[in-house]
Amino acid sequence: MRISRLVTRTLRDDPPEAETASHRLMLRAGLIQQVAAGVYNYLPLAWRSLRKIEQIVREEMDAAAGQELRMPALQPLELWQQTDRDAAFGDNMFRLEDRRGRPLALAPTHEEVVTNIVKGNVQSYRDLPVILYQMQTKFRDEPRPRAGLVRVREFTMKDAYSFDADDAGLDDSYQAMAQAYRNVFRRCSIPVVMAEADSGAIGGKDSHEFLLPTDTGEDTVITCTSCGYAANAEKAEGVYPAQDAPEPLPLEEVATPGIKTIAGLAEFLGVEEAQTLKAVFYAADGEVVFVTIRGDLEVNEVKLKNALHCNELRLADDDEVAAAGLVAGSASAIGITNVRRVADPSINSGGNFVVGANKPDTHYLNANYPRDFDTDLLTDIALTEPGHKCTYCGAQLDFTRGVEVGHIFKLGTFFSESLGAYYLDTDGQQQPITMGCYGIGVSRILAAAIEQNHDERGIVFPAPIAPYQAHLVGLNMADDAVAEAAGQLYDRLWAGGIETLFDDREDAAAGVKFNDADLIGLPVRLVVSPRNLRQSAVEMRGRTAEEAEMVPLDDVVGAVRGMLGQ
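This write-up is about the structure you can find in this document. Everything quoted here is computed from the prediction, not taken from an experiment.

**Topic: the overall build of the protein chain**
Okay, step 1: The helix and strand tally for the protein chain stands at 15 helices and 33 strands.
Okay, step 2: Taken over the C-alpha atoms alone, the protein chain extends approximately 95 × 65 × 50 Å along its principal axes.
Okay, step 3: Buried residues in the protein chain amount to 53% of all 566 residues.
Okay, step 4: Restricting the contact set of the protein chain to residue pairs at least 6 apart, pairs at least 24 apart contribute 70%.
Okay, step 5: By element, 46% of the accessible surface of the protein chain is carried by carbon and sulfur atoms, the whole surface being about 25,000 Å².
Okay, step 6: Charge separation in the protein chain, taken as the distance between the mean sites of 54 positive and 85 negative side-chain charges, equals 6 Å.

**Remarks on the packing of helix H1 (residues 21-28) against helix H11 (residues 442-452)**
Okay, step 1: Contact geometry of H1 with H11 gives a least axis separation of 8 Å together with a crossing angle of 100°. Here H11 runs roughly perpendicular to H1, going by the angle between their axes. Here Ala21, Ser22, Leu25 and Met26 of H1 lie close against H11, whose contacting residues are Leu446, Ala447, Ile450 and Glu451.
Okay, step 2: A per-class count over the contact of H1 with H11 returns 6 nonpolar, 1 polar and 1 charged.

**A look at the pattern of salt bridges**
Okay, step 1: One pass over the full model with this rule turns up 36 salt bridges.
Okay, step 2: Residue Glu19 is joined to Arg146 by a salt bridge in which the shortest nitrogen-to-oxygen separation is 4.0 Å. Residue Glu19 is located in the segment before H1, and its partner Arg146 is located in the loop between strand E7 (130-139) and strand E8 (154-164); the two are separated by 127 residues in the primary sequence.
Okay, step 3: With a relative accessible area of 44%, Glu19 lands in the partly exposed category.

**Re the nonpolar core**
Okay, step 1: Grouped together as the largest cluster of nonpolar side chains are 60 residues, with contacts concentrated most on Leu31, Phe185 and Leu446.
Okay, step 2: In contact with Leu446, other than residues within four places in its own chain, are Met26, Ala46, Ser49, Leu50, Ile53, Leu149 and Phe461.
Okay, step 3: Counting residues in each nonpolar core, the second largest holds 26 residues, with Leu77, Phe415, Leu419 and Tyr423 among its members.

**Section: the packing of aromatic side chains**
Two measures describe an aromatic ring pair: the distance that separates the ring centres and the angle between the ring planes.
Okay, step 1: One pass over the structure, following the stated rule, counts 12 aromatic pairs.
Okay, step 2: When the ring of Tyr42 is compared with that of Trp47, the centres are 6.4 Å apart and the planes differ by 20°; the resulting orientation is stacked.
Okay, step 3: Take Tyr42: its relative accessible area is 21%, and that puts it in the partly exposed class.
Okay, step 4: Ring geometry for Tyr181 against Phe210: centres 5.4 Å apart, planes inclined by 50°, an arrangement best described as tilted. With Tyr181 in helix H6 (residues 167-187) and Phe210 in strand E10 (residues 206-213), this residue pair connects regions lying 29 residues apart in the sequence.
Okay, step 5: Among the aromatic residues, ring-to-ring pairing joins Tyr181, Phe185 and Phe210 into one connected group.
Okay, step 6: One Lys or Arg, Arg48, reaches over the ring of Tyr468 and ends 4.1 Å from the middle of that ring.

The rules we used
- Residues numbered from 1 in each chain as written.
- Predicted model: local features only at pLDDT ≥ 70, side-chain atom pairs only at ≥ 80, totals over all residues.
- Heavy atoms only, no water.
- Helix = DSSP H or I, 4+ residues; strand = E, 2+ residues; numbered from the N terminus.
- Buried < 20%, exposed > 50% of the residue type's maximum accessible area, 1.4 Å probe, protein only.
- Contact = heavy atoms within 4.5 Å.
- Areas by Shrake-Rupley, 256 points an atom, 1.4 Å probe, with all protein chains shown as cover.
- Lys, Arg positive; Asp, Glu negative; His and termini not counted.
- Charge placed at Lys NZ, Arg CZ, Asp CG, Glu CD.
- Axes fitted to C-alpha atoms, helices over the stretch in contact; angles between N-to-C directions.
- Parallel < 35°, antiparallel > 145°, perpendicular 65-115°, else oblique.
- Nonpolar A, V, L, I, M, F, W, Y, C, P; charged D, E, K, R; others polar.
- Salt bridge = Lys/Arg side-chain N within 4 Å of Asp/Glu carboxyl O.
- Core = buried A, V, L, I, M, F, W, Y, C linked by side-chain atoms within 4.5 Å.
- Phe/Tyr/Trp six-rings, centres within 6.5 Å; stacked < 30°, edge-to-face > 60°.
- Lys NZ or Arg CZ within 6 Å of the ring centre and 35° of its normal.

Structural data, given as structure tokens:
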């Protein structure tokens, strides 16, 4: 491709809307163009990279016995209602109607459709296992699209689904997919951490995320360098500092005028925050829930939502709190019976806690569970935070920001039972098919690869996913000798199997061309100039090399192949 014909334009300055390195560089290098919030055009350079990423994913999925197919993005909402996932996805699902008023959805994922495919094609255990996958556009109405291709509303995903006879078969498929994912990310030069994760609206009993550690990531990955434990913040378990249980003292009321926060309460009474119990009010599918947790800890809302088995969880508003008869800032579970009560086991770590007295400007000293209050559900809902230790080996946990680039799930039999996908076992008995689900954000891989591979000058494309392999720069293209030599070399490179981007612009200065070459970041740069031609040579430099080398014109194709091989 000749740059004079390429539909793209590089930018000299950083776009003000860019939030991350990958977002900034993709806009500056002319890879993407925003259409709306969370919706982008993939321009020719980006599209070539995405096709290469897709091919890498395809090769690894095929090697793991996957069969590629294509399912529709437009689906009847009725199908989602059969599994109640229309409610689980809530406002994140794009919904519309056809001309006859029938409700439809733009699919955020494809479990329902693929289950029906297998339902119609699998009859007995002899037909299993099966792995089906596709490359498809997905739609999710993200409330806060950000960071370019990292958090968008329309994106390209590879989603795969495994179908097995039992849990043992699912374990095999799950491990095969996990290894395929490791291979994909290694080939795309993305170092990932495989971390335990929450299944979210997809459902299922086990899941893992593949996260690229980066300071600009929107997720937190928590790891133990001692035993190898890794989980994201939504799923992580940790050991918080324990408190000794003192001899219980009688409840004592104390005035706390104007005190509304745990920090203010601890300072006013001269106690540690761990000596208090925090009350937090939530609305779970519209029902007010009273949550109690030790004052130095925070509520993990994902754990709480899973414990409550609700579709929507949010902080209760002032009207809901007042309607429930709760006193914000001075509340505790003591005497509360009219709302559902949930508590974290941290209420047993310590004792003689300071809690709200359920009337304004008043607290109790020396509250203890279960002597003074009860709970309807006692379960781990604490957020693992810096300073906590590993549950498995006791070592200090590390906290790192990261970008999710893949997610795998063990779905079990939920979808097969909901949609009637059964098989006949060796005894001729009907059994539900056991399923797994495996997603890779293809477009997000491009962003992650750039986030991982760049410098102060621009992108440093890994060779396997670079839009072109070589960047041929012609200097002083108005010189007939340069134009002819560069044109001939361009043809020879393509004939030799080297994908080449040719900067043939006559009106661009040398500095502009070199800056654009560094910004776009192809693996090899070749320079044809009057001075080089006098030596019958071409200047060749790897994108990250400090020095260039002179290569005879006749040897350029072989030299580029060698550099790409390295």
